[in-house]
Every structure is written in structure tokens, then in C-alpha cells.
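Here's the letter readout for the chains.
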Amino acid sequence: MANNKDVAIVILAAGKGTRLKSSLAKVLHTAGGRPLVEHVARASLGLGAKKIIAVLGHQAEKVAEIVEPLGAESVLQQPQNGTGHAMLVAKRAIGNAKFVVVLPGDAPLVKTETLKALIQKHKQGQAAATILTAVLADPSGYGRILRKGEDAVLAIVEESQLTAEQRELNEINSSIYCFATAKLWPALGQVKPNNKHREIYLTDAVGVMNAKGETVLAEIAADSREMLGCNTRADLAEVDHTFRERKREQLMADGVSIQLPETVLIDPEVTVGEDTVIEPCVQLLGKTKIGARCVVKTGSVVHNCVLGDTVTVEPHCVMTESKLETDVVVGPFARLRVGTLLKSGARLGNFVETKQSVVGEGTKAMHLTYLGDAKIGSKTNIGAGTIICNYDGFQKNPTTIGNRAFIGSDAALVAPVRIGDGAYVAAGSTITDNVPEDALGIARGRQVNKPGWAGKKRRELAARQRAPKKKKPIRR
Ligand code: UD1
Ligand code: MG
């Protein structure tokens, strides 16, 4: 880890984010599967800084719940009088750190390496401030960099204060800076809220430093996308797109095949083993772990699941908090709810739903079935349309089915109930009592055949159709 024990990091995360038109504070919005502020905090973790300070305001408690577990210390900015004011609020927490790196909580794509390079440039250049900038084809919405010569900066001009000529400038302020604290505080002390929002802009400190003859440098980011800030919903979508692309590229580099990658959405903590194939329009979410040589077919959504090696997920499965051991096959159109464990070689077919259930090794439930609160042994066959009636209106009740059992189609197993090893349940049975080992459980009305009944019925109906219709009386 880099040695930056003379650096404090400040994450600016107090603003509301008016342009998002949302009841949720801006930095709590998600992109790439995480709240914006979490990305920023994580990027700063690898810098080896003295401390990380988060300036909070809107929905401070919720933001604190995200940044504090990552080691950040919170300070409260109330009311939010601008980015410069936010720094003044953090002054005491920054303490005697020689340098301070400022990160806006709404620019989540920045990488640790980029920040390391910024700090290095700042230290080497012995500058009062070093600004990370980007050259954008469309710079609208950002503050613009006014340069004086090759390396040095004259000022930052906010969008609302640009002259017609300055509007053409396409080098923007990312709001990521490194400051020498000894130079920052006196400059910030001179900044006045000279703008229509009556806010103290951190950007104005740069102009003040320049006027005092201090060195202000700018470093153009190699990848301008890293500097994208999220002020609007469209910005959020663009940033999300970039995060998703990064994740897919990383997995492909690690030996995963992804078909039509731009249609596949994968959360940051998901892991996938070598030679696994992900088909189009798949979503892998949360902390999902997928083994090697699996296939996850089109349209499937996998959330917080663990899949062993060589698992096949047929198209359009929805799975949550479930574990699938090696060689399991599920779907198409299977729904695995929380607490499902499919042991090695188990198979679930179309329109099968499971919840809090264990399906043993090599056991099959191929069609139209509900398995809830059930423990099923190995090599058992669950026939089409089997329903486990686990809920009695008050509580959920358990069902146990042994090894090598055979549940006939359309059986209803009314829990709590046990089906022994090797037992049969006759098709169409409603089972309310335990079925012992190797027994047949049958619970249905006996069949009665009425010879000739259907032919007689047809003849009657045909005769009725041939009979002349009575005329309706005319009503007067
Ligand atoms: C800011 C910069 C602009 C830059 C852009 C880059 C200023 C005045 N402008 O504009 O030059 O191009 O970022 O994305 O700094 N915040 C607080 N307290 C406040 C105000 C803001 O913590 O009182 C936080 C916000 O929550 C946000 C960050 O600071 O995370 C930036 O604020 P925002 O309102 O998004 O500034 P921009 O208009 O984007
Ligand atoms: Mg912004």
C-alpha cells in the first residue's frame, strides 16, 4: 500500500442532488451495483491515507452506514453552503495532515491508481493545489479550467458564470483535487459566496491561490470517463454503463465467456469460474458465486446464489439465496427462492418453485411443482404437478421425503408429513398421513366406469338440436 500518511481524504457527500428529482440523497443512488459514495470510499481505501473523512448532510445517517464500515469518519455539514463550506466544516477533522485530497461523492468511477498519480504529481510539483481535469467533447454542466500556460491554472469558472467565449473551453474540473492544507485554509478564508446560490465554492479557492502567486497545477486524466459526475438520471445511467462494462471485461479477461456482453448485468462482488458461459440478457446480482464450466442461459436472474462447477441454468430462471451443487440442472422457467439447496446432480424442470428446501442428490422434479419447507432425499422422483401444502394459514410446516421415493403426478402433500424411503404416492393423492418406507400411499376416490354413458349422452344432445324451434310469441 502506498505511504500517504501525510494525506487526509475528504469525500463531499452532503448535497441533496436537486437535479435528480429524487427523495433519495444523490450519493445514495446506485450505479454499477453500489451507492455512488461507496464506490468513492472504496477507491480511496488503497491510498494508505492518514484518514478518510466524509462530509454528510442530506440523509446523513444512511450515508454514514455505508462509509463508516469502510473506515471513514463522518462530519456533519448543516446547512450545505457549498463545496468550499464543506471543506471548512471538515477542517478540524483534517487536523494537521499536510495534504488533503478532495473527492466529490457523486463521481464514482475514479480509480485508486489515478488518485495515487494525482498525489504524486502534487507532491513532486510542490503545488498549493493540483486539480484532476478531463477534456470532454461535451463539457456542459461542469466548471471549466482557465489555464495560464502549459501546466499552470489561472482559475476554475463555474458553468453559470462562463462568458460566451469560455463556454468553448472543454477542459473541465472533476472536483477531485489535492491541496497543501497550509495553502488551502488561507485561500478558502478569502472566498466569498459570490454566486446566485450564495454558496462558498471550493473552486473559487483556486483563483485566490493563483492571485497570491501560489502554484496551481492541473493533471488531465488519461481516461476522461473516470471523471464523470452524476448530477442527472442520464449521468447515472452513463456511469452505470461504464461500471458494468468494466466488470464484464474483468470477467472475460479471467476466462469467462459472455455472449452479447452489453446485454449482461453483473454486480461488482460476483465471481465466475473459468470456461463458464453467460448467455445474453442474464443478470448476476449481489454476492453470487458461480463455479467453472457452468452455463447460465438467456434471461436468467441470479441473486446471492452459490453455484458449484458444471451447473446448467436453462433460460429464464429466477433464483435468490440458493445453493446449487455440481452438475445441477434447473429450468427453463424455474424459480428458486431463499434457502433452496440442490445437491449434486439434482434436476428441477420448468415451472418448478422451491423455498427453504433441500433436494437430494440426483433427485428430479421436472414439471409444475411447488416444494416449500421440504427435505427430500436422493434419487427421488417428484411427479408433474406435485404441490407441498406447507402453510395451514397460521404457520409453515415441514415435509420430509426419503431416498428413492416416487411421488406420482398431481399429488398434494399436506404438511407436516413424512414419506419414507422407497415409498410410492399414487398420482392425484392428497396425502395427510405419513407414508411408511416402501409403502404405497393412495388417497383418492375410486374410479367408476359407466359403460355406454357417453354415446347415450351424445345421441340425446343431437336429437335436441334437430327438434324444430318453437316460435317466440310476439310481445305487444
Ligand atoms: C462541482 C464543481 C464543478 C465540477 C463538478 C464536477 C463546485 C462549486 N463545482 O459542481 O466545478 O466541474 O463538481 O463534478 O465545486 N456537496 C457537499 N456540500 C455542499 C455542496 C456539495 O457536500 O454544500 C457535495 C455534493 O454532495 C457532491 C459534491 O459535493 O457530492 C459536488 O457537489 P455538486 O452539487 O454535485 O457540484 P457540481 O455542480 O457537480
Ligand atoms: Mg456534481
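All chains use their own residue numbering, which begins from 1 and follows the written sequence. Lettering of chains starts at A and numbering of ligands starts at 1, both following the order in which they are written. The model is predicted, so local features are restricted to residues of pLDDT at least 70 and side-chain atom pairs to those at 80 or more, both for listing and for counting; the totals for chains, interfaces and linings are taken over all residues. Each side-chain value is derived from all of the structure's non-hydrogen atoms; neither hydrogens nor water enter the calculation.

## Description of the sheet that holds strand β28 (residues 358-359)
Part 1 of the argument: With respect to topology, 9 strands assemble into an open sheet ordered β14-β17-β20-β23-β26-β28-β30-β33-β36, the strand pairing being parallel. Of all strands in the sheet, those bounded by a partner on one side alone are β14 (271-272) and β36 (417-419). Any two strands are treated as partners once DSSP identifies two or more bridges connecting them. By definition, any uninterrupted DSSP run of H or I lasting at least four residues is a helix, any uninterrupted run of E lasting at least two residues is a strand, and each is numbered from the N terminus.

## Considerations on the coordination of the magnesium ion (ligand 2)
Part 1 of the argument: Note: metal donors comprise N, O and S atoms at 2.8 Å or less from the metal (3.2 Å for Na, K and Ca); water molecules are not included, so apparent gaps in a site are possible. For the magnesium ion (ligand 2), the full set of protein donor atoms is D106 (OD) and N231 (OD1), at a range of 2.2 to 2.4 Å. Taken together, the residues D106 in the loop between β6 (99-104) and α5 (112-125) and N231 in the loop between β11 (216-220) and α8 (233-253) connect sequence positions 125 residues apart.
Part 2 of the argument: Burial classes follow relative accessibility: with a 1.4 Å probe on protein chains only, a residue under 20% of its type's maximum area counts as buried, one over 50% as exposed, and anything between as partly exposed. Residue D106 is classed as buried on the basis of its relative accessible area of 14%.

## A look at the site of ligand 1
Part 1 of the argument: We call a residue near a given molecule or strand whenever any one of its heavy atoms falls within 4 Å of it. Around ligand 1 there are 24 residues in total, and K26, Q77, G82, E158 and N173 lie nearest to it.
Part 2 of the argument: Nitrogen and oxygen atoms within 3.5 Å of one another constitute a polar contact, given that in protein one can donate a hydrogen and the other can accept it, and given that sequence-neighbouring residues count only through two side-chain atoms. At a separation of 2.8 Å, an oxygen atom of ligand 1 approaches a polar backbone atom of G82.
Part 3 of the argument: Accessibility throughout is a Shrake-Rupley quantity obtained with a 1.4 Å probe, and a residue counts as covered only by protein chains that appear here. Coverage of ligand 1 by the protein amounts to 91% of the 750 Å² it exposes when considered alone.
Part 4 of the argument: If you list the elements that add at least two residues to the shell around ligand 1, you get β1 (4-13), α3 (83-89) and β10 (171-180).

## Concerning helix α2 (residues 60-67)
Part 1 of the argument: For α2, the complete set of buried residues consists of A60, V63, A64, I66 and V67. The buried residues of α2 occupy one face: seen down the axis, they fall within an arc of 160°. The exposed set on the far side of α2, more than 90 degrees from its buried face, consists of E61 and E65. What the arc covers is the set of directions going from the helix axis to the C-beta atoms.

## What to know about unusual backbone geometry
Part 1 of the argument: For the bond running from Q78 to P79, omega is -5°, close enough to zero to count as cis.
Part 2 of the argument: Relative to the assigned elements, P79 resides in the loop between β5 (72-76) and α3.
Part 3 of the argument: P332 follows G331 through a cis peptide bond whose omega is 5°.
Part 4 of the argument: Along the chain, the position of P332 falls in the loop between β24 (329-330) and β25 (335-336).
Part 5 of the argument: In this model, N304 sits at a positive phi of 50°, which is unusual for a non-glycine residue.
Part 6 of the argument: With respect to the helices, strands and loops of the structure, N304 is situated in the loop between β19 (301-303) and β20 (306-307).
Part 7 of the argument: With a phi angle near 60°, D327 is a residue other than glycine that sits in the positive phi range.

## Thoughts on the nonpolar core
Part 1 of the argument: In these notes, a set of buried Ala, Val, Leu, Ile, Met, Phe, Trp, Tyr and Cys residues joined through side-chain atoms within 4.5 Å is what counts as a nonpolar core. Membership of the largest hydrophobic core comes to 48 residues, with the highest contact counts inside it found for I9, I11, V37, L103 and I176.
Part 2 of the argument: In this structure L103 touches I9, V10, I11, L12, V40, S44, L115, S175 and I176, once residues within four positions along its chain are discounted.
Part 3 of the argument: Of all hydrophobic cores here, the second largest spans 47 residues; its members include L324, I376, A405 and I419. Any two residues whose heavy atoms approach within 4.5 Å at even a single point are treated as in contact.

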